[in-house]
Amino acid sequence: MSPSADLYNLVHALTASEKRYVRRVASLSGRDTSWLVLFVRINAQSAFDDDELRARLNNHPMLGNLSLAKKYTYNNVMRALRMYGTGRDIDSLLADHVENYKVLQSKGLHDQARVVLHRLRSEALSHDAFLKVFWTIVCEFGAGVHSTERAAIDHLTSFLAMQQDTLACMQNYTFTAGIYFKQRIILRHRPNARTTNEKAELTEIVSPLLNDPNFELLSDTARTFYNLALGDYWEAMGMPEKALPYYNTFVHEEVLDLPIGPFDSLHLAKFTNAMFFRLRNNITEGLADIITSLRKRVGVVSLTGSLPTIQVWRYERWIVFSVLLMNCEGRERDARALLASEQRTLNRVRPQMSKKIALQLQIAQIRTLYAVGETQEAANLAEEIVNNEDTD
């Protein structure tokens, strides 16, 4: 893809608040802000058109080297997004600690640096970020090597043991994750194992977990992949009752109170997948209470302005889980009435909905419309899905 198209796609991927922040950072930077002209012009385009862009810029000085101006604009937008916090995750937070440690070390403030290092290791351990844990151990080991104190020598022995433990954890969860992903690649193309050969293929992949009931799990990450792998396996084998205990580890109300932040997205994704599993297999016990709790946390959806991400996350899942549950219970007319009553709010939320949830909702709508006799509307929506370029 060309730098021009890259810039266009970046600008149009920004939310309204991110675009405001880009402009504010530019105005407060005290640096050259001529690139904002290019930013505004590209933002105004409904489709990328380099010729139209050049015409609109007219005799602007940046036309002398527009290619360089686009790169400069791209870099400034990216810098502003990093400052805004777009895309920050646990690695971003831990990377901040790493940089703080380096600064303090370079200034000879070793006691302060050590405090930062201990904080980094603690937070890395709590999120199974074992590469960063290993890095902190190497740093402390390096500092201890140059010490002549007896206590420091004793610490070196403990650091070596910690290194081995960390490597064991990494090997354990990468092995478990490898089994999950190998199976997942197959299931993406063939969700169910129907033939003897298909079942044998999945069983061979998952056999290290199936054949050892005492398989050692050294971290939460390994435990997650273990439950996902066996849950997927038993569902694909046509035995959802055996998959249920593994998926149930991800369904609990505490997840609903987590923010949409760098540390919680995995928990939220596991919760969503487990809920879809139970609805797919008509395992509905207790789901109504969870869905009701989800709705209480949505609150009132404003019909103006940008919606908070957490509110969109809760609302989109509440509506799709509600419709699917009603369909499972044979209450398609209730599902149809719910969709009608929520139409205005749905139109408000839809632009911010995730593509996966939006597609799941459309499929649930088709089933609902067909069940209540609105077959033409169901057919129209099905055709819309098929013709959508985002549909896999």
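Look up a bit, the structure's there.
This report concerns the structure included in the present document. (Residues numbered from 1 in each chain as written. Predicted model: local features only at pLDDT ≥ 70, side-chain atom pairs only at ≥ 80, totals over all residues. Heavy atoms only, no water.)

## What to know about the packing of helix α15 (residues 309-328) against helix α16 (residues 332-341)
To describe two helices that pack against each other, one gives the angle between their axes and the distance between the axes. Between α15 and α16, whose axes approach to 7 Å, the crossing angle comes to 155 degrees. Judged on the interaxial angle alone, α16 and α15 are roughly antiparallel. The two elements α15 and α16 meet at a crossing, and its hand is left-handed. Packed against α15, whose contacting residues are Trp318, Ile319, Ser322, Val323, Met326 and Asn327, the element α16 presents Glu332, Asp334, Ala335, Leu338 and Leu339 at the interface. Grouping the constituent residues of the contact of α15 with α16 by class yields seven nonpolar, two polar and two charged. (Axes fitted to C-alpha atoms, helices over the stretch in contact; angles between N-to-C directions. Helix = DSSP H or I, 4+ residues; strand = E, 2+ residues; numbered from the N terminus. Parallel < 35°, antiparallel > 145°, perpendicular 65-115°, else oblique. Left-handed = near helix turned anticlockwise from the far one by under 90°. Contact = heavy atoms within 4.5 Å. Nonpolar A, V, L, I, M, F, W, Y, C, P; charged D, E, K, R; others polar.)

## Details of the pattern of salt bridges
Tallied over the full model, the rule gives eleven salt bridges. The salt bridge involving Asp111 is made with Arg114; its shortest N-O contact spans 3.0 Å. Residue Asp111 and its partner Arg114 are both found in helix α7 (residues 110-126); the two are separated by three residues, about one turn of the helix. Take Arg114: its relative accessible area is 39%, and that puts it in the partly exposed class. Residue Arg190 pairs with Glu201 through a salt bridge whose shortest N-O separation is 3.0 Å. One end of the pair, Arg190, is in the loop between α9 (150-189) and α10 (196-210); the other, Glu201, is in helix α10, and eleven residues separate them in sequence. When salt bridges with common partners are traced through the structure, they connect Arg190, Glu198 and Glu201 into a single cluster. (Salt bridge = Lys/Arg side-chain N within 4 Å of Asp/Glu carboxyl O. Buried < 20%, exposed > 50% of the residue type's maximum accessible area, 1.4 Å probe, protein only.)

## Thoughts on unusual backbone geometry
Although it is not a glycine, Asp128 sits at a positive phi angle of roughly 55 degrees. In this structure, Asp128 sits in the loop between α7 and α8 (130-145). The exposure class assigned to Asp128 is buried, which follows from its relative accessible area of 13%. A positive phi angle, close to 55 degrees, is found at Asn282, a residue other than glycine. Among the secondary structure elements, Asn282 is positioned in the loop between α13 (265-280) and α14 (287-298).

## Comments concerning the nonpolar core
In terms of nonpolar packing, the biggest core is built from 61 residues, with Leu209, Met275, Tyr315 and Phe321 touching the most fellow members. Of the residues forming this core, the biggest block, eleven residues, is contributed by α15. Here Tyr315 is in contact with Val298, Val301, Glu342, Thr345, Leu346 and Val349, once residues within four sequence places are set aside. Core analysis: the second largest hydrophobic core is formed by 21 residues, Leu7, Leu10, Ile42 and Leu66 among them. (Core = buried A, V, L, I, M, F, W, Y, C linked by side-chain atoms within 4.5 Å.)

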